[in-house]
Amino acid sequence: MATENSPDHVAAQWMVRIDRNALTQQEQQALTTWVDADIRHKGAFLRAQAIWQATNKAKALQTPYFARPVSIPVYQATRLPSRRLFFGSAVAAASFSLLVIASKTGEASTQYTTQKNILHCRQAPGRELILDCYTQVDQYPEFTRMVYGRCLVAGAQRTVKTSRLRFVIHGSLLLYKDGNYESGIVLEGHASVKGQRNSEYKILSAGEQITRNQTGQIHFSYLDTETLTRLSAWTKGQVSLDTQTISEASDIFNRYNQKQLVPSFRLADYRLSGMFDLKRPDVFALAVKAVLGGEIREDGQHIYIE
Amino acid sequence: MLADQERGYWLAKHIVPNEHLIRTWLTRFSDIEADDIIQEGYVIISEADVGKIFNPIGYFHTICRNLVLRHYRKAQVVSVTAIADILNDTLVDQTPSIEDTIDARAELRFLDQIIQELPDTCRKVFIYRKIKDYPQKECARKLGISENSVEKQLARALTLIARSYGQRDSDQRKKVGLVRGNRKFS
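Residues numbered from 1 in each chain as written. Chains lettered and ligands numbered in written order. Predicted model: local features only at pLDDT ≥ 70, side-chain atom pairs only at ≥ 80, totals over all residues.

Student: Can you walk me through the overall build of chain B in this structure?
Tutor: Secondary structure summary: chain B contains 10 helices and zero strands in total. Buried positions account for 37% of the 186 residues belonging to chain B. (Helix = DSSP H or I, 4+ residues; strand = E, 2+ residues; numbered from the N terminus. Buried ≥ 20, exposed ≤ 12 C-beta atoms within 10 Å, placed from the backbone.)

Encoded structure:
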């Protein structure tokens, strides 16, 4: 970014020179000439001024009361999981239900089930539960159990279980579970996950994922910020496409909407990137039209992109 | 000279700590030089009426998005992906919200961390000048080096800190890479 001759470095030199003492007339002229030579020079100088100001906050570090942050190790692993695992299964239906039942142990539990919609449950300040479509989660006083589907759980010192994985989270965790596969991805903060014995556990930090398949094999992997944003886009009612084909993108929209997208044979294998509103397949169709050309035709149940 | 002190404070408070959000967004355009967009963005936002800006980093993002769009309008060849990413009118708003921005305490932690990572002499000079608040001349006397060295080291520190602000997320990703290694499941 900033080499010896880069605008950022030259701007930093000027900034520090000004800090030393007043510029001579000749220096002032040289600075003006440099700044006026290129808009990027002007921008770099403004930025250097702003960063010089921002570092004034460092004075606060002198106080003995400043607590240094506790560093939580974050790890990187070897394998990136397929995003499609998250988008792979469920189909659409139309509502969610909320049931309150008693568990076998006699403890009261709340069962959250969604069909077509995304359900946001703000359980308490700092505690959150978001269910994707076709998901069931049971909430007990002491822990949250993921039954199937996909959900986001947030909180501090909160216990979350799937069939075979048990987490204690301080932050937020994205969970996925179907008949063959379970996974947890730490989106923020960290989570401890239990191993096969009670004494075994690992701390996962933001970006780390654990997956467990049907045969009990466990894999750890690390996802970059962009992938995390993409995987959690649904929690904000968005779909983040990363070169999916238009037919794949249509499948995703069709899970959440009554009105079904139908791309033509010509357009179905084109690829598109971008962030779209999950509940607006019509806007997605317009984007396809704008980028790739073609026509949009609608009837009561379908949007045809041709 | 170019911006009054108040404007500098405003940029330091609202844009610098969150600039990395925009740089992260810019990484998706492989044929665009992020530095160029950011620098031009600073010029444009410094000329705006900042008193009326409710979401500063969101406003800065909009400026940068328009600069990217302008770049592609001038370009001979434009990828479908790039256009799909910046179609203002058809895509959902990706502007960072105020909730996404860095709070003051996190900002101080970050600053502490990057100061600790400066090269030795560079860090000492920076601490004497910016934390202990000695003038450059006094820094030189206390450290037993020339004033020119102080100026040079301070410029180096400022450049490195500027880079850290720009690469905030990617630095974190880089650091985490080496640790996972052979840790056993135990």
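Student: Even after reading the chapter, I still don't get helix α9 (residues 147-166) of chain B, so can you show me in this structure?
Tutor: One full turn of an α-helix is made of 3.6 residues, so residues set three or four places apart face in the same direction. Between its terminal C-alpha atoms α9 of chain B stretches 29 Å, which fits the 28 Å expected from 20 residues at 1.5 Å a residue. Most of α9 of chain B is tucked away: 15 of the 20 residues are buried. (Expected span 1.5 Å × (residues − 1).)

Student: Quick question: what am I supposed to make of helix α7 (residues 120-131) of chain B here?
Tutor: The end-to-end C-alpha distance of α7 of chain B is 15 Å, a good match for the 16 Å that 12 residues give at a rise of 1.5 Å each. Among the residues making up α7 of chain B, those that are buried are C122, V125, F126, Y128, R129 and K130 of chain B.

Student: I'm lost on the nonpolar core in this one. Help?
Tutor: Most often, soluble globular proteins keep nonpolar side chains buried together rather than apart. Counting residues in each nonpolar core, the largest one holds 54 residues, and the members touching the most others are A48 and I51 of chain A together with L158 of chain B. Among the elements that take part in this core, α9 of chain B stands out by supplying nine residues, more than any other. Those residues in contact with L158 of chain B, other than ones at most four positions away along the chain, are A12, M15, V16, A48, I51 and W52 of chain A. Counting 50 residues, the second largest nonpolar core, distinct from the first, contains C151, L187, F253 and V288 of chain A. (Core = buried A, V, L, I, M, F, W, Y, C linked by C-beta atoms within 7 Å. Contact = placed C-beta atoms within 7 Å.)

Student: Quick question: what am I supposed to make of the environment of I22 of chain B here?
Tutor: Residues and elements named next belong to chain B. Among the secondary structure elements, I22 is positioned in helix α2 (residues 19-26). Residue I22 is classed as buried on the basis of its 22 C-beta neighbours within 10 Å. Taking C-alpha positions, I22 is 9.8 Å from I37, a pair spaced 15 residues apart along the chain. Among all residues touching I22, those that are not within four sequence positions of it are I38, F60, H61 and C64.

Student: I tried to follow the confidence of the model for chain A on my own but got confused; where do I start?
Tutor: As a note on interpretation, predicted positions should not be read in detail where pLDDT is low. When the pLDDT values of chain A are averaged, the result is 79; 81% of them are 70 or greater. In this model, residues 63-106 of chain A is a region of pLDDT below 50 whose contacts with residues beyond four sequence positions or in other chains number 76 contacts. (pLDDT = per-residue confidence, 0-100.)

Student: Can you walk me through the packing of helix α1 (residues 7-20) of chain A against α9 of chain B in this structure?
Tutor: In helix packing, the relevant descriptors are the interaxial angle and the interaxial distance, both defined with respect to the helix axes. Contact geometry of α1 of chain A with α9 of chain B gives a least axis separation of 8 Å together with a crossing angle of 130°. Here α1 of chain A is positioned oblique relative to α9 of chain B, judged by the angle of their axes. Handedness of the crossing formed by α1 of chain A with α9 of chain B: right-handed. Within the contact between the two elements, α1 of chain A uses D8, H9, A12, Q13, M15, V16, R17 and R20 of chain A and α9 of chain B uses E151, L154, A155, L158, T159 and A162 of chain B. Here the residues of the contact of α1 of chain A with α9 of chain B sort into seven nonpolar, three polar and four charged. (Axes fitted to C-alpha atoms, helices over the stretch in contact; angles between N-to-C directions. Parallel < 35°, antiparallel > 145°, perpendicular 65-115°, else oblique. Left-handed = near helix turned anticlockwise from the far one by under 90°. Nonpolar A, V, L, I, M, F, W, Y, C, P; charged D, E, K, R; others polar.)

Student: When you look at the sheet that holds strand β16 (residues 302-305) of chain A in this model, what are you seeing that I'm missing?
Tutor: Strands in a sheet are paired, the pairing made by backbone hydrogen bonds, and the direction either parallel or antiparallel. Residue and element names in this part refer to chain A. Spatially, three strands are ordered β13-β16-β15 in an open sheet, and the strand pairing comes out mixed. Edge positions in the sheet fall to β13 (260-263) and β15 (296-298), since each of these pairs with one other strand and no more. Going across the sheet, the axis of each strand differs from the next one's by a mean of 20°, ignoring polarity. Sheet topology note: the β13/β16 ladder contains four bridges and is parallel. Pairing of L261 across the sheet is with I303, part of β16. Lying on the sheet, helix α7 (residues 281-292) is in contact with β13, β15 and β16; it crosses β16 at an angle near 10°. (Pairing = 2+ DSSP bridges.)

Student: Mind showing me how you'd approach unusual backbone geometry here?
Tutor: Peptide bonds are trans in most cases, and residues, glycine excluded, mostly fall at negative phi. Residue and element names in this part refer to chain A. Positive phi values are uncommon outside glycine, yet Y134 reaches one of about 55°. As for its position among the elements, Y134 is in the loop between β4 (127-131) and β5 (135-139). Of note, the phi angle at Q157 is positive, near 50°, even though the residue is not glycine. Here Q157 shows up in strand β6 (residues 143-161). Residue classification places Q157 among the exposed residues on the basis of 7 C-beta atoms within 10 Å.

Student: Would you mind showing me how to read the packing of helix α3 (residues 39-54) of chain A against helix α3 (residues 34-46) of chain B here?
Tutor: For the pair α3 of chain A and α3 of chain B, interaxial distance at closest approach is 7 Å and the crossing angle is 75°. Relative to α3 of chain B, α3 of chain A is oriented roughly perpendicular. Within the contact between the two elements, α3 of chain A uses I39, R40, K42, G43, A44, L46 and R47 of chain A and α3 of chain B uses D36, Q39, E40, G41, Y42, V43 and S46 of chain B. Residue composition of the contact of α3 of chain A with α3 of chain B, grouped by class: five nonpolar, four polar and five charged.

Student: Would you explain the environment of P125 of chain A in this entry?
Tutor: Residues and elements named next belong to chain A. On the secondary structure map, P125 appears in the loop between β3 (119-124) and β4. A residue is classified by how many C-beta atoms lie within 10 Å of it, and P125, with 7 of them, is exposed. Put simply, P125 and G155 are 30 residues apart on the chain and 8.6 Å apart in space, counted from C-alpha to C-alpha.

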